[in-house]
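The chain contents come next:
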Amino acid sequence: MKDLTQCVITPDVDMDGFETLGAATYRGSTIVFKNAEAYRTRGERGHQGYTYGLYGTPTTRTLEAKLTALEMGVRTFLVPSGQASNSVAMLSFLSTGDRILIADNSYPPVRDFANRDLARFGIEVAYYDPVAIDDLERQIDGRTKIVWCESPGSTTMEIQDLPRIAQIAHRHGALVGCDNTWATPLNYKPLTLGADIVTEALTKYVSGHSDVLMGSITVRAEEHIVPLRATLGRLGIGVSPDDATLVLRGMETLGVRLRHAAEGAAEIIALIQHHPLVEQVLYPSLLDFPGHDIWKRDFLGVSGVFSVVLKPEASKHAAAALDVLRTFAIGASWGGTRSLIAPMPVKQNRSASQWHGEDLVLRVSIGLEDLDDLKADIEAFLADIAERSAPAKVSKAS
Ligand SMILES: *Cc1c(COP(=O)(O)O)cnc(C)c1O
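Cut-off values and rules
- Residues numbered from 1 in each chain as written.
- Predicted model: local features only at pLDDT ≥ 70, side-chain atom pairs only at ≥ 80, totals over all residues.
- Heavy atoms only, no water.
- Salt bridge = Lys/Arg side-chain N within 4 Å of Asp/Glu carboxyl O.
- Buried < 20%, exposed > 50% of the residue type's maximum accessible area, 1.4 Å probe, protein only.
- Near = heavy atom within 4 Å.
- Polar contact = N/O pair within 3.5 Å; in protein donor to acceptor, adjacent residues only side chain to side chain.
- Areas by Shrake-Rupley, 256 points an atom, 1.4 Å probe, with all protein chains shown as cover.
- 1 Å grid on protein atoms, 1.4 Å probe; cavity = no way out; pocket = protein on both sides within 12 Å on 5 of 7 lines; lining within 4 Å.
- Sits in = over half its atoms within 2 Å of the grid points.
- UniProt positions renumbered as here; feature names shortened; annotations may be inferred.
- Helix = DSSP H or I, 4+ residues; strand = E, 2+ residues; numbered from the N terminus.
- Contact = heavy atoms within 4.5 Å.
- Core = buried A, V, L, I, M, F, W, Y, C linked by side-chain atoms within 4.5 Å.
- Domains from an automatic or database assignment.
- Pairing = 2+ DSSP bridges.
- Axes fitted to C-alpha atoms, helices over the stretch in contact; angles between N-to-C directions.
- Buried area = accessible area lost by both parts, 1.4 Å probe.
- Nonpolar A, V, L, I, M, F, W, Y, C, P; charged D, E, K, R; others polar.
- Points joined across faces, edges and corners; volume = space filled by probe spheres on them.
- Phe/Tyr/Trp six-rings, centres within 6.5 Å; stacked < 30°, edge-to-face > 60°.
- Lys NZ or Arg CZ within 6 Å of the ring centre and 35° of its normal.

(A) Expanded view of the pattern of salt bridges. Scanning the entire structure with this criterion turns up 20 salt bridges. Here Arg297 and Asp298 are joined by a salt bridge, their closest N and O atoms 2.8 Å apart. With a relative accessible area of 48%, Arg297 lands in the partly exposed category.

The structure is reproduced here in structure tokens:
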């Protein structure tokens, strides 16, 4: 073989005895075949076979297999973001003339996708009160092909009664999809409670380091594998094996990170729950949280994300007071090593239910920093609001 050819060809090296713990990063677009017959019949390799890089590599299959096992489904597909997991899951099972019912507290970009794109394709989009079973029952009909859930709901944290919702949806021939980003597959297994499709923003807890975007879609039944895989292929959606490696690495510590974040959240909540400036903490493990009983029945734990509603007089100063934070960072997303606070407006994302609290809700994600620093930050934040609320009462020594 001539030099220029040697430069191009990857030699076979012996892999025997090379057993590592982590997954290798296999990059590849072209898959080559032993002979023309193998190429001609490549379509018969099935959804797990390798035919082209877009449809998966051993690296992405490894991550998919881990997620499939944790979600207790039959197959997982990886997509480039959590948002894509929701939009692709919807697109794969909806056609013109169908209807989708979406929980009113869903991740706001999901609403935007449904209102703009699904509507553009002649799919009727409607919203239901996430905690009112009678509202779902009243709105569902034979054209409804998907009932979309997110539990707890983005920012406001309502817990849905998934088994009952699934019962109603299935009676009308609709599929149930559930965004499981808050709980992760460690703390909630929607496919065992009646959901047909579960999505995750792996961007958050599963990858865990705020350095990669990825989403997953896992299905409960074999019959849903082919429509999803076909839609992904036609849209040309796949993920990079390098990104999959990052998620695989992050996922190894998911359990300890989640437990740590939940313990930290409990301590911060204990610090602020009865503070005079705090109206309510929204967190499903709190005994007086409206969905607590369902959470206790269906979930295996909590994550470190909770929301805080301030008293009206405090709420108007919250945004400005965020500037005193030194350890918490201000930003969207969550589930990484850094603690984050994001001020979220709620009412603009409601159409089927009323949000009676203050419009601005502070979403808090507890990371891995020393809790003393986080507590000091929160105390400084509340003190700053107190000072802004009642400047006359604070007499700085002068
Ligand atoms: C962040 C988030 C998403 C989107 O994930 P990205 O990877 O950022 O696109 C979807 N659903 C929920 C509930 C989220 O919190």
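(B) How the structure looks around the site of the ligand. With respect to spatial proximity, 14 residues lie near the ligand, and among them Gly82, Gln83, Asp179, Thr203 and Lys204 are the closest. One of the backbone nitrogen or oxygen atoms of Gly82 is found 2.7 Å away from an oxygen atom of the ligand. In the model, an oxygen atom of the ligand is placed 2.9 Å from a nitrogen or oxygen of the Gln83 main chain. When the ligand is considered free in solution it has 380 Å² of accessible area, and contact with the protein chains removes 91% of it. Judged by its atoms lying within 2 Å of the grid points, the ligand is housed in the largest pocket.

(C) A look at the UniProt feature "modified residue: N6-(pyridoxal phosphate)lysine" (unreviewed entry) in the chain. Mapped onto this numbering, the UniProt entry annotates "modified residue: N6-(pyridoxal phosphate)lysine" (unreviewed entry) at Lys204. Following the sequence through the fold, Lys204 ends up in the loop between strand E6 (197-201) and strand E7 (215-219). Apart from the residues within four sequence positions on either side, Lys204 is in contact with Thr181, Ser333, Trp334 and Gly335.

(D) Structural context of the nonpolar core. Counting residues in hydrophobic clusters, the biggest one holds 81 residues, and the most contacted among them are Leu63, Val147, Trp182, Tyr283, Phe306, Leu310 and Phe381. Considering every element that reaches this core, the biggest residue donor is helix H11 (residues 254-272), with 8 residues. Two domains each donate at least three residues to this core, and these are domain 1 (24-251) and domain 2 (254-389). Beyond its immediate sequence surroundings of up to four residues, Phe381 is in contact with Ala318, Ala321, Leu322, Val324, Leu325 and Leu362. Judged by nonpolar contacts, the second largest core, of 26 residues, contains Ile102, Val110, Tyr127 and Ile217.

(E) The sheet that holds strand E10 (residues 329-330), seen in detail. Pairing is mixed in the open sheet, where 5 strands are placed in the order E8-E9-E12-E11-E10. Edge positions in the sheet fall to strand E8 (278-282) and E10, since each of these pairs with one other strand and no more. Bridge count for strand E9 (residues 305-310) against strand E12 (residues 360-365) is 4 bridges, and the pairing is antiparallel. Along E12, the bridge assignment pairs Val308 with Leu362. With respect to the sheet, helix H13 (residues 312-321) is in contact with E8, E9 and E12, its orientation differing from that of E9 by roughly 120°.

(F) How the structure looks around the domain arrangement of the chain. The domain boundaries assigned to the chain delineate domain 1 (24-251) and domain 2 (254-389). Computed over C-alpha atoms, the centres of domain 1 and domain 2 are 28 Å apart. Listed by partner, the interface residues are 39 residues for domain 1 and 39 residues for domain 2. Summing both partners gives a buried area of about 3,200 Å² for domain 1 against domain 2, and 61% of it is carried by carbon and sulfur. A per-residue breakdown of the area domain 1 buries against domain 2 is headed by Thr155, Trp182 and Tyr205, which together make up 26% of the total. Summed over the shared surface of domain 1 and domain 2, the result is 2 salt bridges. Measuring nitrogen to oxygen at the nearest pair gives 2.8 Å for the salt bridge that ties Arg297 to Asp161. Counting residues per element, the ones that place at least two in the side of domain 1 that touches domain 2 are helix H5 (108-120), strand E3 (124-128), helix H8 (184-187) and helix H10 (241-251). Looking at the side of domain 1 that touches domain 2 element by element, the count peaks at 3 residues for H8. Residues belonging to the side of domain 1 that touches domain 2 are distributed by class as follows: 16 nonpolar, 15 polar and 8 charged.

(G) Structural context of the layout of surface pockets. Within this model, the largest pocket holds a volume of roughly 590 Å³. For the largest pocket, the lining is made up of 40 residues, of which Tyr107, Pro108, Ser154, Lys204 and Arg363 are closest to its centre. Those elements giving two or more residues to the lining of the largest pocket turn out to be helix H4 (82-92), H5, E6 and strand E11 (340-345). Taken together, the residues of the lining of the largest pocket break down into 15 nonpolar, 18 polar and 7 charged.

(H) Local environment of the packing of aromatic side chains. Following the criterion strictly, the structure yields 7 aromatic pairs and no others. For the ring pair Phe33 and Tyr39, a centre distance of 5.3 Å and an interplane angle of 75° mean the geometry is edge-to-face. Assessed through its relative accessible area of 17%, Phe33 is described here as buried. Judged by relative accessible area, Tyr39 falls into the partly exposed class, the value being 45%. Here the aromatic cluster, defined as three or more aromatic residues joined through ring pairs, consists of Trp182, Tyr188, Tyr283, Phe299 and Phe306. When the ring centre of Tyr127 is taken as origin, the NZ or CZ atom of Arg111, which lies over that ring, is 4.0 Å away. The positively charged end of Arg229 is found above the aromatic ring belonging to Tyr55, 4.5 Å away from the centroid.

(I) Representation of the sheet that holds strand E5 (residues 175-179). The 7 strands lie next to each other as E1-E7-E6-E5-E4-E2-E3, forming an open sheet whose pairing is mixed. Edge positions in the sheet fall to strand E1 (75-79) and E3, since each of these pairs with one other strand and no more. Pairwise comparison of adjacent strand axes, ignoring direction, gives a mean angle of 20° for this sheet. As paired strands, strand E2 (residues 99-103) and strand E4 (residues 144-150) are joined by 4 bridges and run parallel to one another. Among the inter-strand pairings, Ile100 is bridged to a residue of E4, identified as Ile146. Of the strands in this sheet, E1, E2, E4, E5, E6 and E7 are in contact with H4, which crosses E6 at around 160°. Most of the contacts of H5 go to E3, to which it runs at about 155°, and overall it touches E2 and E3.

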